[in-house]
Amino acid sequence: MELRDIEIFLTLAEELHFGRTAQRLYVSTARVSQAIRQQERSIGAELFQRDSRNVRLTPAGEQLRKDLVPIYRGLKESLERARMAAQGKTDVLRIGMIPANAHELRPYWETFRTRHPQWGLRLRHAPFVDPFAGLRRGDVDILVSWLPVLEPDLVTGPRMFDETRVLAVSLDHELAGRASASLEMLGDFRTTFSEGLPDYWGDAYTPPHTPKGRVIERGLKVDNIDEIFTLVSNGEVVNPFPVHVSRYWGRPDIEWLPIHDMDPLGYGPVWHGESENDLVRAFARVVRDLGTV
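Criteria and cut-off values
Residues numbered from 1 in each chain as written. Predicted model: local features only at pLDDT ≥ 70, side-chain atom pairs only at ≥ 80, totals over all residues. Heavy atoms only, no water. Phe/Tyr/Trp six-rings, centres within 6.5 Å; stacked < 30°, edge-to-face > 60°. Helix = DSSP H or I, 4+ residues; strand = E, 2+ residues; numbered from the N terminus. Buried < 20%, exposed > 50% of the residue type's maximum accessible area, 1.4 Å probe, protein only. Axes fitted to C-alpha atoms, helices over the stretch in contact; angles between N-to-C directions. Parallel < 35°, antiparallel > 145°, perpendicular 65-115°, else oblique. Contact = heavy atoms within 4.5 Å. Nonpolar A, V, L, I, M, F, W, Y, C, P; charged D, E, K, R; others polar. Salt bridge = Lys/Arg side-chain N within 4 Å of Asp/Glu carboxyl O. Core = buried A, V, L, I, M, F, W, Y, C linked by side-chain atoms within 4.5 Å. Pairing = 2+ DSSP bridges. Expected span 1.5 Å × (residues − 1). Arc of directions from axis to C-beta. Patch = residues over 30% accessible without salt bridge, like charges linked within 9 Å, V, L, I, M, F, W, Y side chains within 5 Å. Areas by Shrake-Rupley, 256 points an atom, 1.4 Å probe, with all protein chains shown as cover.

(A) View of the packing of aromatic side chains. In the structure shown here, the tally under the stated rule is 13 aromatic pairs. Taking 6.1 Å as the distance between ring centres and 65° as the angle between the ring planes, the aromatic pair formed by phenylalanine 112 and phenylalanine 283 counts as edge-to-face. On the criterion of sequence distance, the pair formed by phenylalanine 112 in helix H5 (residues 106–115) and phenylalanine 283 in helix H10 (residues 278–290) is long-range, its members being 171 residues apart. For phenylalanine 112, a relative accessible area of 0% corresponds to the buried category.

(B) Region of the structure containing the packing of helix H2 (residues 18–25) against helix H3 (residues 29–43). Orientation of H2 relative to H3, taken along the N-to-C sense of each, is 105°, at an axis distance of 8 Å. Taken together, the axes of H2 and H3 lie roughly perpendicular to each other. Between H2, through Phe18, Gly19, Thr21 and Ala22, and H3, the contact on the second element is made entirely by Thr29, Val32 and Ser33. Its residues assigned to classes, the contact of H2 with H3 comprises three nonpolar, four polar and no charged.

(C) Structural detail: the pattern of salt bridges. A complete count under the given rule lists 25 salt bridges for this structure. Two residues, glutamate 276 and arginine 281, come together in a salt bridge whose shortest N-O distance is 3.2 Å. The class of arginine 281 is partly exposed, set by a relative accessible area of 33%. Each of Glu14, Glu15, Arg20, Arg24, Arg137, Asp139, Lys221 and Asp223 takes part in salt bridges that share partners, so that together they form one network.

(D) View of the packing of helix H1 (residues 3–15) against H3. Look at H1 against H3: their axes get within 10 Å of each other, and the N-to-C directions meet at 100°. Regarding the angle of H1 to H3, the classification is roughly perpendicular. In this structure, H1 uses Arg4, Asp5, Ile8, Phe9 and Leu12 to contact H3, whose residues at the interface are Arg31, Val32, Ala35, Ile36 and Gln39. Broken down by class, the residue content of the contact of H1 with H3 amounts to six nonpolar, one polar and three charged.

(E) Broad picture of the nonpolar core. Counting residues in hydrophobic clusters, the biggest one holds 53 residues, and the most contacted among them are Leu93, Ile95, Trp109, Met160, Phe241 and Phe283. Per element, the largest residue contribution to this core is seven residues, and it comes from H10. Those residues within four positions of leucine 93 in sequence are excluded, and the remaining contacts are Phe112, Gly120, Leu121, Arg122, Asp141, Ile142, Leu279, Val280 and Phe283. Among the nonpolar cores identified, the runner-up in size contains 18 residues, and Leu12, Leu25, Leu47 and Phe48 belong to it.

(F) Spotlight on the sheet that holds strand S12 (residues 254–258). In space, the three strands of this open sheet follow the order S11-S8-S12, with antiparallel pairing throughout. Two strands in the sheet have a free side with no partner beyond their single neighbour: strand S11 (239–242) and S12. Mean inter-strand twist for the sheet, computed between neighbouring axes without regard to direction, equals 35°. Two elements, strand S8 (residues 165–170) and S11, share four bridges in a ladder whose sense is antiparallel.

(G) Representation of the environment of aspartate 153 in the model. With respect to the element layout, aspartate 153 can be found in the loop between strand S5 (142–146) and strand S6 (154–156). When the C-alpha positions of aspartate 153 and proline 198 are compared, they lie 14 Å apart, and in sequence the two are 45 residues distant. Those residues in contact with aspartate 153 that lie beyond four places of it in its chain are Arg136, Trp271, His272 and Gly273.

(H) A look at H1. Given a rise of 1.5 Å per residue, 13 residues ought to cover 18 Å, and the 18 Å separating the end C-alpha atoms of H1 matches this to within 8%. Most of H1 is tucked away: 10 of the 13 residues are buried. Taken as a whole, H1 has its buried residues at Asp5, Ile6, Glu7, Ile8, Phe9, Leu10, Thr11, Leu12, Ala13 and Glu15. Phi turns positive, to about 55°, at leucine 16, one or two residues after H1.

(I) Region of interest: H5. Of all the positions in H5, only Tyr108, Trp109, Thr111 and Phe112 are classed as buried. One face of H5 carries all of its buried residues, which in axial projection span an arc of 170°. Check the buried side of H5 and you find it contacts strand S3 (91–97), strand S4 (119–125) and H10.

(J) How the structure looks around the environment of threonine 156. Of note, threonine 156 is situated in strand S6. Distance from threonine 156 to proline 269, taken between C-alpha atoms, is 6.0 Å for residues 113 residues apart in sequence. Threonine 156 has contacts with Leu147, Val149, Pro269, Val270 and Trp271, leaving out every residue within four places of it along the chain.

(K) Looking closely at a nonpolar patch on the surface. Residues Leu3, Ile71, Leu75 and Leu79 make up a contiguous nonpolar surface patch of roughly 320 Å² in combined accessible area. Looking at which element gives the most residues to the nonpolar patch, the answer is helix H4 (residues 59–86), with three residues. Within the element layout of this structure, leucine 75 appears in helix H4. With relative accessibility at 38%, the residue leucine 75 sits in the partly exposed group.

Shown next as structure tokens:
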């Protein structure tokens, strides 16, 4: 079994969802299915039970997962240490990004690299579904997340930036063509929801009620941003976003309306308290020194 196939198996064993596994690994769903079929043929047993609704590990799959986790982590750490040694680096800070505007946050990355040339810096996309799992698994050292984050085992650092909000609507939606939208308008339409989000965290992104107390219906479940765009462009939902999404995802089938009365969404670094180290503290000092961008 090749290293990439091990990664696919372990990610699917964690996500129990072929689509999320593919998204997380930047491969196609067909590639995930192919790798699992090859592994099952090689082992001679099913590793996952799957039907139209659920994916579950079989006893053989669970045993393989337990055996592979320490091996895979050891291999990854060995390869990372070798790469860093070749570059003259002694360690690397791994940052997961829920927002897509890493380019606009370059002052933080450049200052960290300038102050600490002995350390590397690696940026990766982080999903908003089950958002803090990567921190708890040790996949990333810091997560750039919208705020607040009120998890007892996680620490929130200084605020990095604040974003005004826009409403994504289809081109033929009844709101299309307006100069702006209001939070009260969300009470007239369906938006989306995702499982695995803490209630308070999801409510910070899309409040449950309008200013007049009407329910904002979270009608359709999504697992990633592409699913949101599809539903919006079909006119099935409207969806609020931080404004940078309208810059980084230019879509000819979606119109972006400024929401004039919605509070800005703040973002900042979050890390696992028990895993805090010199690299995390150094990055937090960079953010504190530079302030918001």
